[in-house]
Amino acid sequence: MAKKMIPAINESEPDVVKPESPRRVWIKEHMTAIYIGAAILLIIAVFVGIRIYNSANHPIAKFMSASAKDFNSSFTFEAEASVDGKTVMSYSGAYEADPSKQNVKVIYDADYGDYTYTGAVYAEGETRVSGSLYDGKWRVRDCSEKVLNFFDFNTDYRAGSFDGASFLRFTELTSQFSAKELNSFMKLFKDRMSGSTELARLTVTSQDGEKTYSFDISVSEFFDLVRNKGASIFFSAIDYDAFCALYKLNESAVKSSDCRFSYTIDSKGSMTALSLSLTVGGETYAVSCKIDDVGSAKVEIPRKFFEALVAQQ
């Protein structure tokens, strides 16, 4: 039987070419489309990045971020209301909060000129109470709903957004205004508060590492904005009509009014001062607040506050 001949293998000959996988063939055929898609994604990423940057640098966004940083830690404060430079009401005290546990402690002294008193808020666990010390006696009452509504609003606020529903619950105004329409109006208001519109002109000054943002606000532009764009905020058409009628009666006084709103942020991003003044008919009404010890303030609730709480239980 003849032997079957097996051809010798020449190492110089190339290997047999393997067929390309369907995936590689598809990539080659669609390479142009892939490049275009990648370019589009890159453009979108850049656009979104710019939008995020601009939003973070919006003066109102800065205000929300700085104030949220304060209210989500602790601080001491001194606040006052005045008329033509004369103090008519003042508060001084300390605030401390732990949002993750919905705990908060506040202690303050209030001075109304004719009388003074000490106030306190304590919320920890299932205990949420507020009280006031007057004539040497603490009067304590439950404030669970108020505290829970505050933290509900604070959750969105510290994330940089305004939630109309939780805000209205906290301020007890749910029966007067629409939460959905308030959200829309606040977005419009934020746009108009960019600092270069007819509503508000912004001035920024720096000193010792702090920046102060001052808005000169047109009161008439604000009232026009509410009248022309804010009708849907009101639940009642009667309330809206009453607002418009009151505005019309006082339109000349409104147009001659001056309003300034300002806040100061330190190098750590915390708010250290806040003020609002309104001049109407030659009189200046102002509210201001100085904030200190952000992140390091400690609140000590008096022992007699807890004794009064136990006595009432």
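So, here is what we can say about the structure in this document.

The rules behind the values
Residues numbered from 1 in each chain as written. Predicted model: local features only at pLDDT ≥ 70, side-chain atom pairs only at ≥ 80, totals over all residues. Heavy atoms only, no water. Core = buried A, V, L, I, M, F, W, Y, C linked by side-chain atoms within 4.5 Å. Buried < 20%, exposed > 50% of the residue type's maximum accessible area, 1.4 Å probe, protein only. 1 Å grid on protein atoms, 1.4 Å probe; cavity = no way out; pocket = protein on both sides within 12 Å on 5 of 7 lines; lining within 4 Å. Points joined across faces, edges and corners; volume = space filled by probe spheres on them. Helix = DSSP H or I, 4+ residues; strand = E, 2+ residues; numbered from the N terminus. Nonpolar A, V, L, I, M, F, W, Y, C, P; charged D, E, K, R; others polar. Pairing = 2+ DSSP bridges. Phe/Tyr/Trp six-rings, centres within 6.5 Å; stacked < 30°, edge-to-face > 60°. Contact = heavy atoms within 4.5 Å.

Remarks on the nonpolar core
- Within the largest apolar cluster, 46 residues are counted, with the highest numbers of intra-cluster contacts made by Val104, Met193, Phe215, Ile217 and Tyr263.
- Counting twelve residues, the second largest nonpolar core, distinct from the first, contains Ala94, Val129, Val299 and Ala308.

Regarding the layout of surface pockets
- The calculated volume of the second largest pocket comes to roughly 150 Å³.
- For the second largest pocket, the full set of lining residues is Val219, Phe223, Phe243, Leu246, Tyr247, Asn250, Ala253, Val254, Ser257, Leu278 and Val280.
- Within the residue set of the lining of the second largest pocket, elements represented by two or more residues are α7 (219-229), α8 (237-249), α9 (251-255) and β10 (271-280).
- The element best represented in the lining of the second largest pocket is α8, accounting for three residues.
- Counted by class, the lining of the second largest pocket contains nine nonpolar, two polar and no charged residues.

Here we look at the pairing of strand β9 (residues 258-265)
- With respect to burial, β9 is a largely interior element, six of its eight residues being buried.
- Pairing of strand β8 (residues 210-217) with β9 involves seven bridges; the strand directions are antiparallel. Directly across from tyrosine 213, in β9, lies its bridge partner tyrosine 263.
- For β9 and β10, the ladder comprises eight bridges, and the chain directions are antiparallel.

Here's the deal with the packing of aromatic side chains
- One pass over the structure, following the stated rule, counts 33 aromatic pairs.
- Look at tyrosine 115 and tyrosine 134: their rings are 6.1 Å apart centre to centre, the planes differ by 90°, and that puts the pair in the edge-to-face class. Residue tyrosine 115 is located in the loop between β3 (103-111) and β4 (116-124), and its partner tyrosine 134 is located in strand β5 (residues 127-134); the two are separated by 19 residues in the primary sequence.
- Clustering of aromatic rings is evident, with ring pairs tying together Phe177, Phe189, Phe222, Phe223, Phe234, Tyr240, Phe243 and Tyr247.

Remarks on the environment of alanine 286
- Assignment of secondary structure puts alanine 286 in strand β11 (residues 283-292).
- In sequence terms alanine 286 and cysteine 259 are 27 residues apart; their C-alpha atoms lie 9.6 Å from each other.
- Apart from residues no more than four positions distant in its own chain, alanine 286 is found in contact with Glu80, Ala81, Ser82, Leu276 and Ser277.

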